[in-house]
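Here are the chains, one letter per residue:
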Amino acid sequence: MSYNTVYTIPFKSLSNVAYLVEIQREGFAGDVTELTGAANPFTVKIDDEDFLYTPTRFSTASLKLVGNDYLQSLLSTNYQQNRVVLKREGVAVWVGFIKPEMYSQDYTSIDFELQIECMSAMSTLEFLDYKKAGESYVFVSLWDLLKKCINASNAGYSNIYLPHVYAANANAYAALTNVLESMTVSEQNFFDEDDKAMTLKEVLEEICKLLNWTCVDWRGDLYFVDVDHTGEYYKYASDFSSFQMVLFSEANIQQIGFAGSDNTLDILGGYSKASVKTSNYNVGDIFPSEDFDRLELFSEPSNIVDGNKISVKKIYSPSVYKLYHYNDSAGREEITNTAGYESQASSLLGAFPIKTDSYNMVNNGAGGLKPDIANYSFDDCIQVRSRGYYGYEIGPDDLLMEFASPLPVTTYCNGAMAINCSIQLSNRTDLAKFDTNAFDGGIIGSNVRIPCTMSVGGKYWNGVTWVSSFAKFYITFSRADILEGGFVACNNTKQLNAPYSGLEGCFVEFPLNTPLSGELKFQMYSLEYRVVGGSYQPEYIWGYFIKDLKVSYKKLDLLEDKVSENSDRIYENIVNASFVNELDEIEFKISSWNNDDISYSKALLGDDYLKDNLYCSLTGGNVRPEENLITRIIEQYNSPKIKLNQVLIHDGNIMPTTTISDNYMINKKFLPTGGEIDYEAGKFQCTMIEI
């Protein structure tokens, strides 16, 4: 967005420091108007929370004006309409936006005071929903997520600071490699089952919780503060094009100086126990099932009569499945939209969902005939016409079916799938389904098979292993069973010693301890078989029916007892048993993998899961983020902490990373965690907590 200045409000502090407030509007192209500030024209309040590991500390501001113009044009209708920038001697020290529909003024005098409430730019992320990077879900890096949030704030921060704490390993840490670029998570984690998105503020908070950081907007810059880290920070340019490493100096309260006498000291209690819950957003059913009872009828029901046998068929439009069709009369032309083909549904090459039943007409005892059934018992099937009246056919290279909506974009590991279905072949031109043997002549010379593809993030299952190039695998059916007629179940390819108890069918096994990440894709092609003494010849059958198509997933047997399905995982430890209060449970919606089920919330570190393999400079070794946070809390809160509220001279040099000492608190260090700044008075009511 392009913001241009509409109003300016200049003022000076008591120590003669020049400030300028600019009110900017998106797309404004007029003259700039100077307004007059009231007493204490600009004050900022920084969120203050006693818990050191809160994920965000943002701020609000109050702008006060005097005059006789009601300035009703400043009434905002969205959270990023009117931007407010406070500059100290030409350098931005606060950026935010006027709160929408927050407008209060005196209405009794010609000249009045107008107070405008503002919120920091990062605070507006609470009202911005996360949007996918493209049309479909992808894996996205934490680095790109942070940049997305920062850019969406439209703050134009001068600098962004991140602590140099984590890396993939010790060598990468020494090389200043940005580990956030190799830490990825599925975008689907940020959307619920109804496709409602998390806000960008929620996404930012989850990243900060995972890394044990606090995001703070301060002095026109953005800081990601690690309260336990006293080493170097990355200082990034506003466009993230470059960085330099910086160290922050310490400060002393007495050297800064006091600007008031309202100074207090509080003792903060410790905690008895700390717990972190990983909110596992488990995938559930990976492959949706078509509910035939809820489908829309595509064409009128039809009855096919063959002597005393009658086949009833209802053809439907698919919902979960995306089925492919080809117009036989137009020379096997692929059809992308079947609308208008209702009267030709039975003659189109390709697949349709159907309900079908058959019965016999028998003597009714009065010289007539009657059905030998009193109620229909429909089979829910996918009907496939593979041969057409005009001589065209579809075969093993022709796509027949996939899923209409994307399958889960997540990580797959230490588990297996089994595909099950039954088929019945038909050599009838009308594809009437009767429970008779259609192949007494024994024309089929080998097992029948359906070619399929299954891929995850560019890796394909070839029937034995996962490969990097396009490959098919096959659902097979016994030739002997096919020749007996009726529906035939697919062959079970699972080995007896495969560690997936109860799983049967066409077997697909995911790698052990090496996750595949990305969108799962499944496609089914038209059936393939060989005739006796010959090669593949599709013209010997006219079509077939697929029934009870189902894909089941199961994790390794040895993992079954380690975490129950759809459960969250709790990490906890004692901080100090002598204290009374437990710390509120901290919830992670991005988390490490600990033999969990298939879940959107599990992050990757490179090509592996994020586990207890994240290098942390604070420990000099690898950590698991959830356990690392509990360890930090134990070290910080196993004894009471001191909280200071001091009215200090505001010289602009205190930053959220500044370690502060007090001459009256020997061997104690403090970190600024909030407060209020009055820029005209030049004072900072600073809240500090012992670290």
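First things first, this report covers the structure right here in the doc. All values reported here derive from a predicted model rather than from experimental measurement. Residue positions are counted from 1 within each chain, in the order its sequence is given. Under the rules for a predicted model, residues below a pLDDT of 70 receive no local features and side-chain atom pairs below 80 are neither given nor counted, while totals for whole chains, interfaces and linings still include all residues. Side-chain figures throughout are based on the complete set of non-hydrogen atoms in the structure, without hydrogens or water.

### Considering helix H3 (residues 200–211)
Thought 1: The secondary structure listing takes helices from DSSP runs of H or I that are at least 4 residues long and strands from runs of E that are at least 2 residues long, numbered from the N terminus. In a helix, the anticipated span is given by 1.5 Å times the number of residues less one. The end-to-end C-alpha distance of H3, which contains 12 residues, comes to 17 Å, matching closely the 16 Å that a straight helix rising 1.5 Å per residue would cover.
Thought 2: Exposure categories follow from relative accessible area, calculated using a 1.4 Å probe and restricted to protein chains: below 20% of the type maximum is buried, above 50% is exposed, and the middle band is partly exposed. The element H3 is largely enclosed, with a buried count of 11 among its 12 residues.
Thought 3: Looking at H3, one finds that the buried residues are Leu200, Lys201, Val203, Leu204, Glu205, Glu206, Ile207, Cys208, Lys209, Leu210 and Leu211.
Thought 4: In the stretch just after H3, Asn212 is the one whose phi turns positive, near 65°.

### A word on the packing of aromatic side chains
Thought 1: Any two rings among Phe, Tyr and Trp, with Trp reduced to its six-membered ring, count as a pair given centres within 6.5 Å; such a pair is stacked if its planes are under 30 degrees apart, edge-to-face if over 60, and tilted if neither. Applying the stated criterion to the full structure yields 42 aromatic pairs.
Thought 2: Note on Tyr223 and Phe248: the rings are 6.2 Å apart at their centroids and 50° apart in plane angle, and the pair reads as tilted. Taken as a pair, Tyr223 in strand S16 (residues 221–225) and Phe248 in the loop between strand S18 (243–246) and strand S19 (251–252) lie far apart in primary sequence, 25 residues in all.
Thought 3: Under the relative-accessibility criterion, Tyr223 is labelled buried at 0%.
Thought 4: Taking relative accessible area as the criterion, Phe248 reaches 18% and is therefore assigned buried.
Thought 5: Comment: the charge-over-ring label is applied if NZ (Lys) or CZ (Arg) is within 6 Å of the ring centre and within 35 degrees of the ring normal. The ring of Tyr474 carries Arg449 above its face, with NZ or CZ at 3.6 Å from the centroid.
Thought 6: Here the basic side chain of Lys641 rests over the ring of Tyr637, its NZ or CZ set 5.5 Å away from the ring centre.

### Some remarks on the nonpolar core
Thought 1: What we call a nonpolar core is a set of buried Ala, Val, Leu, Ile, Met, Phe, Trp, Tyr and Cys residues that are connected through their side-chain atoms within 4.5 Å. Formed by 125 residues in total, the largest nonpolar core has its most connected members in Phe42, Leu180, Met183, Leu204, Phe224 and Ile633.
Thought 2: Contact definition: two residues touch when any of their heavy atoms are within 4.5 Å. The residues touching Phe42, leaving out its near neighbours within four places in the chain, are Phe11, Val21, Ala61, Ser62, Leu63, Val84, Leu86, Trp94, Ile677, Asp678 and Tyr679.
Thought 3: Ranked by size, the runner-up nonpolar core spans 58 residues in total, among them Tyr412, Ile419, Val508 and Ile546.

### Some remarks on the pairing of strand S23 (residues 309–317)
Thought 1: At least two DSSP bridges between two strands are required for those strands to pair. Where strand S22 (residues 296–306) lies against S23, eight bridges are found, and the strand directions are antiparallel. Paired with Leu297 across the two strands is Tyr316, which belongs to S23.
Thought 2: Taken together, S22 and the strand that follows it, S23, pair antiparallel across an intervening segment of two residues, in which Gly307 is found at a positive phi of about 65°.
Thought 3: In this sheet, strand S27 (residues 349–363) lies alongside S23 in antiparallel orientation, the contact comprising seven bridges. The residue of S27 that forms the bridge with Lys309 is Asn360.

### Section: the pattern of salt bridges
Thought 1: What makes a salt bridge here is a side-chain nitrogen of Lys or Arg within 4 Å of a carboxyl oxygen of Asp or Glu, nothing more. By the definition in use, this model includes 27 salt bridges.
Thought 2: Of the charged contacts, one joins Arg332 and Asp398 as a salt bridge, the two residues approaching to 2.1 Å between their closest N and O atoms. In this pair, Arg332 is assigned in the loop between strand S25 (325–327) and strand S26 (333–335) and Asp398 in the loop between strand S29 (379–385) and strand S30 (399–403), connecting sequence segments 66 residues apart.
Thought 3: Between Lys547 and Asp379 there is a salt bridge; the shortest N-O distance is 3.7 Å.

### Quick notes on the pairing of strand S17 (residues 233–237)
Thought 1: Pairing of strand S12 (residues 159–163) with S17, which is carried by five bridges, proceeds in the antiparallel orientation. When the bridges of S17 are listed, Pro163 appears paired with Tyr233.
Thought 2: With four bridges joining them, S17 and S18 adopt antiparallel strand pairing. Within the sheet, the bridge partner assigned to Lys235 lies in S18 and is Gln244.
Thought 3: Adjacent in sequence and paired antiparallel, S17 and S18 are bridged by five residues, among which Phe240 carries a positive phi angle near 65°.

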